[in-house]
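Each chain is listed here by its residues.
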Amino acid sequence: MKTLVLFYSSYGHIFKLAEAIAEGAREIAGNEVVIKKIPETLPQAVLDHMGATEAQKAFGHIPVATPGELADYDAIIFGTPTRYGNMCGQLQAYLDSTGALWATGALVGKVGGAFVSTATQHGGQETTIRAVHTALLHHGFVIVGLPYAWQGQMGHHEVTGGTPYGASTVAGGRGERHASPNELEGARFQGRHTAEIARKLAAK
């Protein structure tokens, strides 16, 4: 069984969640877990102006995934920062390039999900994940979220991401906040849970 954790990250917040998702997925015996990133679409000058260039060096070694290789995986979990309550343009462009896979039904029956980061606590975490889910449903994915079996999303004692739709983190308006232990645990749970579902389906 193979699981792909596929992400786009501007400043590293989504990359940290991606690593935690992968950690959880690797807990399932016999599961080969791969982390890859989505191609950049912004000009270098814009990335420099955003202050993203230096931050992205932390995951510069991560390979870029081509759309065609998605068919090689049993489960794919997509990570994206939120842009005005929706997925980032890089992920949208990537999904727009998967028409050939859609036409042949190559992704039907795959297990999929999503995880996100936002600057603020109510910055569109759930709407963004639901937007990714819409694209996955058109491809025929079996959607797996972050169920309330993970009790970390039930507390009120701290500011935290984590929704039944998928793992999430709050980055802060200047990207100054890093994923908390609770948010990382939610990501690990989602990775493990998604891989468990994929294993069950593969055994049918």
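Residues numbered from 1 in each chain as written. Predicted model: local features only at pLDDT ≥ 70, side-chain atom pairs only at ≥ 80, totals over all residues. Heavy atoms only, no water.

As named in an unreviewed UniProt entry, the chain is NAD(P)H dehydrogenase (quinone), taken from Hymenobacter negativus. Recorded in UniProt under Sequence similarities (unreviewed entry), the annotation for the chain is "Belongs to the WrbA family." (UniProt positions renumbered as here; feature names shortened; annotations may be inferred.)

Within the sequence span of helix H4 (residues 89-96), burial applies to Gln 90, Leu 91, Tyr 94 and Leu 95. Along the axis of H4, the buried positions cluster into a sector of 130°, meaning they face one direction only. (Buried < 20%, exposed > 50% of the residue type's maximum accessible area, 1.4 Å probe, protein only. Helix = DSSP H or I, 4+ residues; strand = E, 2+ residues; numbered from the N terminus. Arc of directions from axis to C-beta.)

What follows is about the UniProt feature "binding site: NAD(+)" (unreviewed entry) in the chain. In the numbering adopted here, UniProt assigns the feature "binding site: NAD(+)" (unreviewed entry) to Tyr 11. Not counting residues within four places of it along the chain, the set of residues in contact with Tyr 11 comprises Met 50, Gly 51, Ala 52 and Ala 55. A polar side-chain atom of Tyr 11 sits 2.9 Å from the main-chain carbonyl oxygen of Met 50. (Contact = heavy atoms within 4.5 Å. Polar contact = N/O pair within 3.5 Å; in protein donor to acceptor, adjacent residues only side chain to side chain.)

Moving on, we get to the environment of Leu 17. The residue Leu 17 is located in helix H1 (residues 13-25) in this model. When its relative accessible area of 0% is taken as the criterion, Leu 17 is described as buried. Among all residues touching Leu 17, those that are not within four sequence positions of it are Phe 115, Val 116, Ser 168, Thr 169, Ala 179, Glu 183, Leu 184 and Ala 187.

With a phi angle near 55°, Tyr 84 is a residue other than glycine that sits in the positive phi range. As for its placement among the helices and strands, Tyr 84 is situated in the loop between strand E3 (75-83) and strand E4 (86-87). For Tyr 84, a relative accessible area of 86% puts it in the exposed group.

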